[in-house]
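As a plain string of letters, each chain reads:
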Amino acid sequence: MTRYIGFEGMMPIREGETESEFFSQKTYIGGRIIGDYKINGQLQQRRIEEEVDFSPRLDNDFEKTFDYGDTEVTVKLEEFIHGAEEDIIPNETGKRYLKVVEAGDSGAHNHFLEDGTVANLHNVLVSLNKFQEGAINITETEDGLFINSPYDGEYMTMATRATGKLIKDSLQPLILRSRYIIGNMQFVLPKPIVKGDFGVVKKPELLKSNADPDGLVLSVTANGDTKKVGVLGGPGNYTALKEFKVGGLEIALQYGPKLLKLPFEIKLNDFIAEKYPGTEKAYSSYESKITVFDKEDGDFDYHIYMNHVLDHKGYRFFQASFHPDEKGTVLSVNHDFWGTYITYAGYILLYLSMMAILFVKNTRFDDIRKRLAKLKEKKAKMMTMILLLISFSGFAQVHSEDDGHNHQKKTDKAQIDSILRVHITPKEHAAKFSKMVVQDYSGRMMPMHTYASEMLRKLSKSDVYEEFDADQVFLSIQESPMLWYNVPIIYLKPRKADSIRSIIGIDYGEEYSRLVDYFTPEGRYKLAPYLEEAYKTQVPNGFQKEVKEADSRVNLLYNAIEGRSIKIFPVPNDDNNKWISSLEFREQNYREKIEDTLYGNFINNGFSAYLVTLNNAKQTGDYSKAEELLEGIKKTQQRFGSEVMLSDEKINSEILYNDYDVFRQLFSWYMYAGTLLFVLIIIQIFKYQSKGLKVAINVLLGVIALLFVMHTLGLIWRWYLSGHAPWSDAYESMIYVAWSTMLFGFIVGVTKKKDSTGTSKSILGKFTTSSLTVAAGAFVTSMILMIAHWNWMDPAIANLQPVLQGYWLMIHVSVIVASYGPFTLGMILGVVSLVLMIFTNKANKDRMLINIKELAIINEMALTVGLVLLTIGNFLGGMWANESWGRYWGWDPKETWALISIMIYAFVIHMRLVPGLRGRWIYNLMSIIAFGSILMTYFGVNFYLSGLHSYASGDQILSFQFIAITIGIIAILGFLSYRKYKRHYK
């Protein structure tokens, strides 16, 4: 119904304007045909409207014949051009034109000056070989092009960056490929006068943007006459009709959306773009204040913002985007009243049926749960997994790169460190300084402790410099800025950053560089020649990524040394709650903006006075005056920045969170407890009647349960500090996946407690769970937490994008990310099962079979739970998308790969119904292989592909060599296990 009855589109409105039309989401070739065909003496017009869907990835084809009276008009697609523009195609029989590329607020656009004419370019007259008083006159002589401007101006040659002055009323040579600035007009003349005809051509790659139109080259045939016509347009690009004559007919064509009419009007009264405190482009939300004019139902006012939709007469209006100048809005329009309710009803039935799989009696899930309970009663022993644990123990020796620096000892570094030790601020006072509230560049309010920790971690990939903590380092940078030019603290990756080392002139073995290394003795920035290309390219190569990373660290340290980052002073009565540093106060003329001159003087001198007082205190040992100044700064923050000022409770809570670093600690604790539990389970196989072992295993299960409680409290703690659910970015989703993995490690193997021995232990009162499953869950959880704290993961608490704000984040993301937990558990249980098969022999095959059966049942239960959650989460995502953008599905990479994962796991779970694919070996192997789709859904989309769900598109976190090695290990594991499976169990 949605597909055949519903329709949608986009509606841009400027402030103060009233609109009743919007652009369709579908794209058309449209137009009209006019000739001498009459009916009842009236000339007739034939309308053209054909839906098309062209793509640069397809072999596009279009040919359609239209009747106009007795005349047939054929329109055929000759060429589709992705990213096109209109330009002059050289032709000796054509006219002479000079191309002018003008830079405006909406981007660059082209003008064409015809030889011997005067053109009006935005109320500025420009002539070509036709002198006009008061115009910018461009003339051509044998010596080249010359310019005569009635206004003063300037120019810059793009290739050499050389600049010059344009003197009014004087004839000067015109320099091609130079940017001219005359008044408010900026333009470039890229090439000399060209003789030719207008046509649609491919836009140069360097000038392309996502907003560029596409182009069609169409051949139009009528009455034996054929003419090629180029038109610009495409999805969302509504362009004027292209008029021409062919075969005695007047034809007009266009390519793009069509205009759809509303039965009412909408006026945009005001558009409000809310930003995070103190930022310019970090939007926290945006909304449109509108008035609906309806002659039938009456007029009313309404606010449209993200996840707050206007429903009126079957039309739904969503806040989709806005104009760059923040003076206009773009609303997404959807007309699908019945389709929406029928679809939602179907979704609800799907959710209920999927949940019924887990809870209704006599389902497959209920059947395997009963089989698991019977198997636990029968089970008496479990075969050893010592060899597997030996391989596991190797992972336990992995250390974080944050353990500290590994500098080569150099005299100058030793001297610098000795100076730092003499002048460093004691930790006791630095801890008091760390409670000062600061506003970071994203607008988030945080204790100085958090800012200093994040800065040091980003600079050096470490939480400390030598024995100095982040607070001491940050204070030292403010006290002795010149000293920190020479401190080796800027991290460079081993091998990958060797090109940076070569540019700045340090040894390849140096892991850390100094700020001074990046500048020549004349003060020239050594990375400057590489920056423009690195930041301009859409898909940077490895060298460009390293340039950008090094540049960001250099700027971070440079801004800290300058004092620009110390945004501790609120600007009174600022609409966006902006806080500034003393340096910004002086640079941006805030003395005139802030009426309170006393407070202005305090902003200018207050922090400097604190540093002077602090230096005196270190000599006398009396820090009371320095602490009084800190208290004075705090009072000004509470007075002028009360709307965003943090409470003492939240400040102390965030500092405790930073100090405990609970998720980093949980990694090793989960690892130790899980590994020890595995060892005791193995020993119990041979001494299963030992009461001491049973007590020890129960104690370890209790310890892991306690760690899980700490994990849960850590998530709640982060939720409190950030103000949003802790699964909104890469780091948060990883710690949440780890949590869900451990959760399902406890509950997936749960059965009612009966008297039995083996690996099932009671930690759930009347119920028992599989100790092996808990141990595997703890091990996998530790691995996920370890990955979360690798260098490419940023644990900093960040602000949310507008679309993520609201209840949908908690509903959709929590469900779909939680599904990764049981899938991960199923993968590790598949590995354990195949390893058990490898160590099967004639003597132990019966006991091994019991273990393999138990793990296979738990594995199937885990995958079933995961599939239910992933399916429900994916369809909840469709509902979220419909509530936010007015569409259920957009073929975003995340959506697509989630659907692929659903199909893969549905196949794995139902393989038992396919003859030839039944058996525990193939099932366990497929549970490992299928996990690759989850890795692609999470890592591949988030870090390799671009889309709405991408956290760091373009950052390669895993090499293809690592992927190949992993596939090789799985192949070897599968081959060795199949040999034993075929020998003993087939």
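Conventions used here
Residues numbered from 1 in each chain as written. Predicted model: local features only at pLDDT ≥ 70, side-chain atom pairs only at ≥ 80, totals over all residues. Heavy atoms only, no water. UniProt positions renumbered as here; feature names shortened; annotations may be inferred. Core = buried A, V, L, I, M, F, W, Y, C linked by side-chain atoms within 4.5 Å. Buried < 20%, exposed > 50% of the residue type's maximum accessible area, 1.4 Å probe, protein only. Helix = DSSP H or I, 4+ residues; strand = E, 2+ residues; numbered from the N terminus. Contact = heavy atoms within 4.5 Å. Expected span 1.5 Å × (residues − 1). Bend = angle between axes of the 7 residues up to and from the residue. Polar contact = N/O pair within 3.5 Å; in protein donor to acceptor, adjacent residues only side chain to side chain. Salt bridge = Lys/Arg side-chain N within 4 Å of Asp/Glu carboxyl O. Pairing = 2+ DSSP bridges. Axes fitted to C-alpha atoms, helices over the stretch in contact; angles between N-to-C directions. Parallel < 35°, antiparallel > 145°, perpendicular 65-115°, else oblique. Nonpolar A, V, L, I, M, F, W, Y, C, P; charged D, E, K, R; others polar.

The chain appears in an unreviewed UniProt entry as Cytochrome c biogenesis protein CcsA from Winogradskyella damuponensis. What the UniProt record of the chain gives under Subcellular location (unreviewed entry) is the line "Membrane".

Now for the nonpolar core. Counting 111 residues, the largest nonpolar core has Phe663, Tyr670, Leu677, Ile704, Met742, Leu785 and Tyr905 as its most contacted members. The element best represented in this core is helix 22 (residues 845-884), accounting for 17 residues. Those residues in contact with Met742 that sit more than four places away from it in its chain are Tyr670, Ile704, Phe708, Val774, Gly777, Ala778 and Thr781. Core analysis: the next-biggest nonpolar cluster, separate from the first, contains 64 residues, Met436, Tyr451, Ala534 and Leu557 among them.

Here helix 13 (residues 597-620) spans 33 Å end to end across 24 residues, near enough to the 34 Å set by a 1.5 Å rise per residue. Where helix 13 bends most, the angle comes to about 45°, and this point is Asn605. Buried residues of helix 13: Tyr599, Gly600, Ile603, Asn604, Gly606, Phe607, Tyr610, Leu611, Thr613, Leu614 and Ala617, and no others. By the N-cap criterion, in which a side-chain oxygen at the helix start approaches the backbone nitrogen of a residue two or three places on, helix 13 is capped by Asp596, the distance to Leu598 being 3.2 Å. One or two steps after helix 13, the chain reaches Gly621, where phi turns positive at roughly 85°.

Using the criterion set out here, one finds 39 salt bridges in the structure. With a shortest N-O distance of 4.0 Å, Glu51 and Lys26 are connected by a salt bridge. Pair noted here: Glu51 is in strand 4 (residues 42-52) and Lys26 is in the loop between strand 2 (18-24) and strand 3 (27-39), with a separation of 25 residues, a long-range link. In this structure, the salt-bridge partner of Glu546 is Lys493, at a minimum N-O distance of 3.7 Å. Here the residue Glu546 occupies a position in helix 10 (residues 542-562), and Lys493 occupies one in the loop between strand 33 (490-491) and helix 8 (498-504), the gap between them amounting to 53 residues.

A few words now on helix 17 (residues 691-722). A rise of 1.5 Å per residue sets the reference length of helix 17, with its 32 residues, at 46 Å; its end C-alpha atoms lie 47 Å apart and thus fit the reference within 8%. Looking one or two residues beyond helix 17, the residue adopting positive phi is Gly723, at roughly 85°.

On to the sheet that holds strand 12 (residues 144-148), then. With mixed pairing, the five strands of this open sheet are ordered in space as 9-10-11-12-15. Looking at strand neighbours, the two that pair on one side only are strand 9 (117-121) and strand 15 (171-173), the edges of this open sheet. In this sheet, adjacent strand axes meet at a mean angle of 25° when their direction is disregarded. Relative to strand 15, strand 12 is paired through three bridges, and the arrangement is antiparallel. Each residue of the ladder has a partner; that of Phe146, found in strand 15, is Pro173.

Okay, the side chain of Ser901 next. Its place among the elements puts Ser901 in helix 23 (residues 893-909). Its relative accessible area of 0% is what places Ser901 among the buried residues. Here the side chain of Ser901 touches Thr937 through a polar contact of 2.9 Å, side chain to side chain.

The contact between helix 7 (residues 470-479) and helix 13 brings their axes to 10 Å, and the two run at 105°. Classed by the angle they form, the pair helix 7 and helix 13 counts as roughly perpendicular. Contacts from Leu475, Gln478 and Glu479 of helix 7 reach helix 13 at Phe607, Tyr610, Leu611, Leu614, Asn615 and Lys618. Residues of the contact of helix 7 with helix 13, tallied by class, amount to five nonpolar, two polar and two charged.

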